[in-house]
Amino acid sequence: RAVHTYTPGGALFVQSILATAIFWGMSFLIGGMEYLRLCFVWPSMRRFGPVGFFFGLASCFAFMAQMCLTPGSYMLYTAAAIVVVPGMWRLTFR
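Here the structure is a predicted model, which means the values were calculated and not measured. (Residues numbered from 1 in each chain as written. Predicted model: local features only at pLDDT ≥ 70, side-chain atom pairs only at ≥ 80, totals over all residues. Heavy atoms only, no water.)

Atomic detail in the predicted coordinates should be set aside for any region of low pLDDT. In the predicted model, the chain carries a mean pLDDT of 83, and 97% of its residues have values of at least 70. For the chain, per-element mean pLDDT is lowest for helix α3 (residues 71-92), which scores 80, and highest for helix α1 (residues 8-38), which scores 89. (pLDDT = per-residue confidence, 0-100. Helix = DSSP H or I, 4+ residues; strand = E, 2+ residues; numbered from the N terminus.)

With that out of the way, let us pick up the packing of aromatic side chains. Each aromatic ring pair is described using two quantities: the centre-to-centre distance and the angle formed by the ring planes. Applying the stated rule across the entire model yields two aromatic pairs. Ring geometry for Trp-24 versus Phe-40: centroids 5.1 Å apart, planes at 50°, classification tilted. Of this pair, Trp-24 sits in helix α1 while Phe-40 sits in the loop between α1 and α2 (42-68), and the two are 16 residues apart along the sequence. (Phe/Tyr/Trp six-rings, centres within 6.5 Å; stacked < 30°, edge-to-face > 60°.)

For α2, which comprises 27 residues, the first-to-last C-alpha distance of 38 Å matches the rise-based estimate of 39 Å (1.5 Å per residue) to within 8%. Buried residues of α2: Val-51, Ala-62 and Ala-65, and no others. Summarising the contacts, the buried residues of α2 are in contact with α3. (Expected span 1.5 Å × (residues − 1). Buried < 20%, exposed > 50% of the residue type's maximum accessible area, 1.4 Å probe, protein only. Contact = heavy atoms within 4.5 Å.)

Along the chain, the position of Ser-27 falls in helix α1. You can call Ser-27 buried: its relative accessible area is 18%. With sequence-adjacent residues up to four places away left out, Ser-27 is seen in contact with Gly-32, Tyr-35, Leu-36 and Cys-39.

A word on the environment of Met-88. As for its placement among the helices and strands, Met-88 is situated in helix α3. Along the primary structure Met-88 and Ala-21 are separated by 67 residues, whereas in three dimensions their C-alpha atoms are 27 Å apart.

What follows is about the layout of surface pockets. Its volume calculated, the largest pocket comes out at about 290 Å³. Every residue lining the largest pocket is counted, 17 residues in all, and those nearest its centre are Phe-54, Ala-58, Val-84, Val-85 and Met-88. If you list the elements that add at least two residues to the lining of the largest pocket, you get α2 and α3. For the lining of the largest pocket, the element with the highest residue contribution is α2, accounting for nine residues. A per-class count over the lining of the largest pocket returns 14 nonpolar, three polar and no charged. Estimated volume of the second largest pocket: approximately 230 Å³. What lines the second largest pocket is Ser-16, Ala-19, Thr-20, Phe-23, Trp-24, Cys-39 and Met-45. At five residues, α1 tops the list of elements feeding residues into the lining of the second largest pocket. In terms of residue class, the lining of the second largest pocket is built from five nonpolar, two polar and no charged. (1 Å grid on protein atoms, 1.4 Å probe; cavity = no way out; pocket = protein on both sides within 12 Å on 5 of 7 lines; lining within 4 Å. Points joined across faces, edges and corners; volume = space filled by probe spheres on them. Nonpolar A, V, L, I, M, F, W, Y, C, P; charged D, E, K, R; others polar.)

What follows is the structure, given as structure tokens:
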């Protein structure tokens, strides 16, 4: 029988779907439909959407970079993320 392997992109996709389902479920369990509706407030989603997109993109890049970079290069990559993300946050919410 052949071994089934998962690509890094497939693993990230499954993780994202499960995290979304868990957090929507937690919102419903804590506050019912009222809290679940708060997850879909469109003005907030438009405002925080770009930041969430870039955080997700950075997470994907970091996960996939682990396979390709040397340990020293990976440390520089993560250190740069620590500097770049607050800058992006500042530009988005000034």
